[in-house]
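Letter by letter, the chains look like this.
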Amino acid sequence: MERSEVKALLELYFEGQTTLQQEKELSTYFLTEESIDAELLPYKAIFAAFAATKEVTTAVEPKVKRPRRSWRVIWGTVASLSAAACVALGVFLWSGESQRGTADLICYIDGVEVKDSDIARAEAERILADAAVDVSQAMAQIEKINIFNNR
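Attention here is on the structure that accompanies the text. (Residues numbered from 1 in each chain as written. Predicted model: local features only at pLDDT ≥ 70, side-chain atom pairs only at ≥ 80, totals over all residues. Heavy atoms only, no water.)

### Focus: the environment of Ala 83
Tracing the backbone through its elements, the reader meets Ala 83 in helix H4 (residues 71–100). For the pair Ala 83 and Ala 131, spaced 48 residues apart in sequence, the C-alpha separation works out to 7.0 Å. (Helix = DSSP H or I, 4+ residues; strand = E, 2+ residues; numbered from the N terminus.)

### Describing the pattern of salt bridges
Between side chains of opposite charge, pairing is possible as soon as their charged atoms come close. All told, the structure shown has 6 salt bridges when counted by the stated rule. Across the pair Glu 113 and Lys 115 runs a salt bridge, and its minimum N-O distance is 3.8 Å. One salt bridge connects Glu 123 with Arg 126, and the closest N-O pair in it is separated by 2.6 Å. Here the residue Glu 123 and the residue Arg 126 both occupy positions in helix H5 (residues 117–149), the gap between them amounting to 3 residues, near one helical turn. Three or more residues are tied together by salt bridges with common partners; here these are Arg 3, Lys 7, Asp 37 and Glu 39. (Salt bridge = Lys/Arg side-chain N within 4 Å of Asp/Glu carboxyl O.)

Now the structure itself:
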C-alpha cells in the first residue's frame, strides 16, 4: 500500500468513516510492513496496541454474589399474615354471634371494655388495615429479594 493511500485511510479512520475492510487493511499494513515512513511510525504503535488487546483474555469470571434471604422479612410476613388471620377470624366469629342474638358484644380495646359494636368494628378495621400495610411492605421486600435471586 502506498504512503498516500495509508494517509487517506488514516484520515478516514480517525473521522470514523472507514469500513471494516479498510480497518483490516490498515491493521495488516501496520502489523506486517517492515519499512514504514517515520511520520507513520506512531500509528504502528497504536495498531500494535489494538492487536495486543484482542489477544488478552480474562481467566477469572466475575463472581456474582447472591444476596442472602432476610429471615426477618420472611418471619415478619408470616407474623403479619397470622395476625391478620386472627383478627379476621375474631371479627367473623363475633359477627356470627351477634346475628344469632345469643350473646352481647364484649370487646376489650387497650384493656378497656367496649360494648359499642361500631367502635369494636372500627378498631378491627384499623388493625386489619395496619396488618395489610405490614404485609404489603413485606411482600415488596420479598419481591426485591426475588429480583436479585433471578439474576
